[in-house]
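# Structural characterization, general
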Amino acid sequence: MSLIKRIPGQAYLWIAVILFAASNSIVRKLAEVGEQHLVAGRNPISPCNVLFVSNICALLVLLVINYRHLKLDLLKQISRREWLATIAVAILSGALAPGFIFQALTLTRVTNVILIGRIEPLLILLLSIWLFKERLDRWEIGGALICFIGAILSFQLQSMGMGSTIGFGRGEFLTLIGICAGMSGNIISKAFLSRIAPEILTIMRMGIATIAFFCLAMYLYGSAHFAEAFSPFLWQWMLVYGALIVAIGQFCWSKGLKNSNLSQASLANSFSPIAGVIAAYLILNEKLTLGDSIAISAIVCGLLLSQMGIRRRTLIATRMTHLNAVRQAETGLGFKGV
């Protein structure tokens, strides 16, 4: 335990980012394994089964890790509005977003899913300015814009014959819907759920998301859709995936955020697309096309610009905080500095 306490917050962030970046490739690989072990002619490791069972496994692990935080007094302090916001976030970020992404992974390359995900930072920045009136550095906005252009450039080059796949198809469209759902959940969480402890919020979101996804899938597809959900072959893989990727990833990210500043978290998260592409190559042997390489180069440049903006904004905020502290001290001493 003493060794764990000495682990810096940034290390937790990087572990989480690597685990999350590899998750798409691992899901695709598991689906391929399932195709070789059909149950009643159906793949037991289907997108619905993966999401439902892995959430159950992850929830069990999170309960074991964070059971000390689940105190009745703390739960009673959560307002009705916060409960409603948690339900909305769980449905959007925990059920709909991964559901669409998992389905997209069966229709397109992992690299395409990763590249189109670079649209999200620009949308979040624009919504932060509009909804939360945040003041952002121009380098930050420029970096996000370059990442967006890089993602669009990839599919444009593919459609011109510089890649091996069709530029924008059903899989990419489902990815876009999933990104919008997850982004909406993040905005609601930022607006209404900042007061809830991350350990409690993670468990609440995971539990509600699991129930919501199960009810939605039952309504849309019927009970037969989960016929293989209790297959031992599925569970042996989901215990590993749910515990290692989902639960440990969530735990490391929450732990890292608690013991790191925003610039460190942003830097670690910026590495996510590169780690995802590397994972797709190592796990799936998914080679980059010329269009991918050009787009990723643009995205790396955009990420560097964004980090410059974040660092610049952090330094300005630190200087302002120090200046205000000095002014308060001078006022308390009865004189005013120049």
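Scroll up to find the structure.
Okay, so let's go over this structure. (Residues numbered from 1 in each chain as written. Predicted model: local features only at pLDDT ≥ 70, side-chain atom pairs only at ≥ 80, totals over all residues. Heavy atoms only, no water.)

## Observations regarding the overall build of the protein chain
The cut-off we apply is this: Numbering goes from the N terminus for both helices and strands, where a helix is a DSSP run of H or I of at least four residues and a strand is a run of E of at least two. Relative accessibility thresholds used throughout: buried, under 20% of the residue-type maximum; exposed, over 50%; partly exposed, between the two (1.4 Å probe, protein chains only). Any two residues whose heavy atoms approach within 4.5 Å are treated as being in contact. Note on areas: Shrake-Rupley with a 1.4 Å probe; residue coverage comes only from the protein chains shown.
Counting its secondary structure elements, the protein chain contains 14 helices and zero strands. Shown N-terminal to C-terminal, the secondary structure of the protein chain runs as helices and strands in the order α-α-α-α-α-α-α-α-α-α-α-α-α-α. Expressed as a percentage of its 338 residues, the buried residues of the protein chain come to 43%. A sequence separation of at least 24 residues applies to 87% of the contacts in the protein chain between residues at least 6 apart. When the accessible surface of the protein chain is split by element, carbon and sulfur atoms take 67% of a total near 18200 Å².

## Observations regarding the environment of Phe 100
Note on placement: Phe 100 falls in helix 5 (residues 80-105). Accessibility expressed as a relative area gives 27% for Phe 100, which makes it partly exposed. Sequence spacing of Phe 100 and Pro 47 is 53 residues, and the spatial spacing of their C-alpha atoms is 9.1 Å. Contacts of Phe 100, omitting those with residues within four sequence positions, involve Leu 174, Ile 177 and Gly 178.

## Focus on helix 5
Note the cut-off: For a helix, the expected span equals 1.5 Å multiplied by the number of residues minus one. Given a residue, its bend is the angle between the two axes fitted to the seven residues that end at it and to the seven that start from it.
Over its 26 residues, helix 5 extends 36 Å from the first C-alpha to the last, a length consistent with the 38 Å expected when each residue adds 1.5 Å. The axis of helix 5 is deflected most strongly, by about 30°, at Leu 96, and proline Pro 98 appears within four residues downstream.

## What to know about empty space enclosed by the protein
As a reminder of what qualifies: With a 1 Å grid spanning the protein atoms alone, the term cavity applies to any set of points in which a 1.4 Å probe fits but cannot get out, the term pocket to an open set with protein on both sides within 12 Å along at least five of seven lines, and the term lining residue to any residue with an atom within 4 Å of a point. Grid points are joined across faces, edges and corners, and a volume is the space filled by probe spheres set on the points. Each residue gets one of three labels, nonpolar for Ala, Val, Leu, Ile, Met, Phe, Trp, Tyr, Cys and Pro, charged for Asp, Glu, Lys and Arg, and polar for the others, Gly among them.
Scanning the entire structure with this criterion turns up one cavity of 30 Å³ or more. Of the voids in this model, the largest cavity is the one considered here, and its volume is about 60 Å³. Those elements that place two or more of their residues in the lining of the largest cavity are helix 2 (9-35), helix 3 (47-66) and helix 5. Its residues assigned to classes, the lining of the largest cavity comprises seven nonpolar, two polar and one charged.

## As for the packing of aromatic side chains
Two numbers describe a pair of aromatic rings. These are the distance of the centres and the angle of the planes. This is how the line gets drawn: Whether two aromatic rings pair depends on their centres lying within 6.5 Å, for rings of Phe, Tyr and Trp, where Trp uses its six-membered ring; planes under 30 degrees apart make the pair stacked, over 60 edge-to-face, and the rest tilted.
Counted by the stated rule, this structure contains two aromatic pairs. On the numbers, 5.1 Å between centres and 25° between planes, the contact of Phe 52 with Phe 214 is stacked. On the criterion of sequence distance, the pair formed by Phe 52 in helix 3 and Phe 214 in helix 10 (residues 198-221) is long-range, its members being 162 residues apart. By relative accessible area, which is 10% here, Phe 52 ends up buried. With 6.4 Å between their ring centres and 15° between their planes, Phe 230 and Trp 235 make a pair best called stacked. Classification of Phe 230 by relative accessible area gives exposed; the value is 63%. For Trp 235, a relative accessible area of 21% puts it in the partly exposed group.

## A closer look at the pattern of salt bridges
This is how it is decided: Take a side-chain nitrogen of Lys or Arg and a carboxyl oxygen of Asp or Glu: if they are within 4 Å of each other, that pair is a salt bridge.
Counting across every chain of the model gives three salt bridges. In this structure, Lys 29 engages Glu 32 in a salt bridge whose closest nitrogen and oxygen atoms are separated by 4.0 Å. Highlighted residues: Lys 29 and Glu 32, both in helix 2, separated by three residues, approximately one helical turn. For Lys 29, a relative accessible area of 37% puts it in the partly exposed group.

That's the geometry; what it means functionally is another story.
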